[in-house]
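# Structural description and commentary
Here is what each chain is made of, one letter per residue.
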Amino acid sequence: SEKFGPDYTVDALHRRRLTPQGRQRMIAGTLKRDVKDVTAECNPALRPICSYENPHLVRYLYKLSLSLSGKVSKQLRMVHGSKGPIQSVLKPLVVQVKEDISEDGALLLNLRPVASYRFIFYSALIFLLSYLSGINPLLIFTYLGLGIA
């Protein structure tokens, strides 16, 4: 690995690693970092639970996504590699998980956005309004998802 000053080194995969001195400066707040250089290398479904998410739902949906991803892996590859109205709706729910940057990585169905309180509120509101108006709620979700409405 190549050393860049006393604060960090860069390995063969171009990832920055803090040195002990850089770690101490980061803790003290004296190390300035470039926000544009910070990227997440982890599975987005495993990031810490945020205040705007239901913790029980996040955990349940992660287990469900692992189970479903194994069963529908061929379909996930098809959605990830194609273009169209349905694929554009489903593409944010398919995440490529890379254990190592040099590997291809597996595809995972990411149901975590469904656990946000905002999604739950708007879904309940759509169901309530559709019930009161007599319209099928699945029809409303289809129109919203395809961008027709």
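In this report, we go over the structure that sits alongside the text. (Residues numbered from 1 in each chain as written. Predicted model: local features only at pLDDT ≥ 70, side-chain atom pairs only at ≥ 80, totals over all residues. Heavy atoms only, no water.)

For the protein, the helix and strand inventory stands at six helices and five strands. The linear arrangement of helices and strands in the protein, starting from the amino end, is β-β-β-α-α-α-α-β-β-α-α. The proportion of buried residues among the 149 residues of the protein is 21%. As displayed, the protein has an accessible area near 11100 Å², and 62% of this comes from carbon and sulfur atoms. (Helix = DSSP H or I, 4+ residues; strand = E, 2+ residues; numbered from the N terminus. Buried < 20%, exposed > 50% of the residue type's maximum accessible area, 1.4 Å probe, protein only. Areas by Shrake-Rupley, 256 points an atom, 1.4 Å probe, with all protein chains shown as cover.)

For Glu 53, the location among the structural elements is in the loop between helix H1 (20–28) and helix H2 (55–71). For Glu 53, a relative accessible area of 4% translates into the label buried. Among the polar contacts listed, one links the side chain of Glu 53 to the side chain of Arg 112, at a separation of 2.8 Å. Each residue touching Glu 53, except ones within four places of it in the same chain, is listed here: Arg 47, Pro 48, Val 58, Arg 112, Ala 115, Ser 116 and Tyr 117. (Polar contact = N/O pair within 3.5 Å; in protein donor to acceptor, adjacent residues only side chain to side chain. Contact = heavy atoms within 4.5 Å.)

Okay, empty space enclosed by the protein next. Summed over the entire model, instances satisfying the criterion amount to one cavity of 30 Å³ or more. Space inside the largest cavity adds up to approximately 50 Å³. The wall of the largest cavity is formed by Ala 45, Val 58, Leu 61, Tyr 62, Ser 65, Asn 110, Leu 111 and Arg 112. For the lining of the largest cavity, the class distribution of residues is five nonpolar, two polar and one charged. (1 Å grid on protein atoms, 1.4 Å probe; cavity = no way out; pocket = protein on both sides within 12 Å on 5 of 7 lines; lining within 4 Å. Points joined across faces, edges and corners; volume = space filled by probe spheres on them. Nonpolar A, V, L, I, M, F, W, Y, C, P; charged D, E, K, R; others polar.)

A separate point is the nonpolar core. Membership of the largest hydrophobic core is limited to seven residues, which are Val 58, Leu 61, Leu 76, Leu 107, Leu 109, Leu 111 and Ala 115. Looking at this core, the elements that each hand over two or more residues are H2 and strand E5 (106–109). Setting aside anything within four residues of it in sequence, one finds Val 58 in contact with Ile 49, Glu 53, Arg 112 and Ala 115. (Core = buried A, V, L, I, M, F, W, Y, C linked by side-chain atoms within 4.5 Å.)

So, on to the environment of Leu 64. Along the chain, Leu 64 falls in helix H2. Once the C-alpha coordinates of Leu 64 and Leu 111 are considered, the two residues, 47 residues apart in sequence, prove to be 8.2 Å apart.

Compared with an ideal rise of 1.5 Å per residue, which puts 17 residues at 24 Å, helix H5 (residues 117–133) spans 24 Å between its outermost C-alpha atoms and is within 8% of the ideal. By the burial criterion, the buried members of H5 are Ser 123, Ile 126 and Ser 130. Relative to the axis of H5, the buried residues are bounded by an arc of 60° and lie together on one face. Opposite its buried face, H5 presents the exposed residues Arg 118, Tyr 131 and Leu 132, each directed more than 90 degrees away. (Expected span 1.5 Å × (residues − 1). Arc of directions from axis to C-beta.)

Turning our attention to the environment of Asn 43. Among the structural elements, Asn 43 can be located in the loop between H1 and H2. Distance in space between the C-alpha atoms of Asn 43 and Asn 110 is 9.7 Å, their sequence separation being 67 residues.

With respect to the element layout, Ser 116 can be found in the loop between E5 and H5. A relative accessible area of 13% means that Ser 116 is categorised as buried. Sequence spacing of Ser 116 and Ser 51 is 65 residues, and the spatial spacing of their C-alpha atoms is 8.9 Å. With near-sequence residues (within four places) excluded, Ser 116 lies in contact with Tyr 52 and Glu 53.

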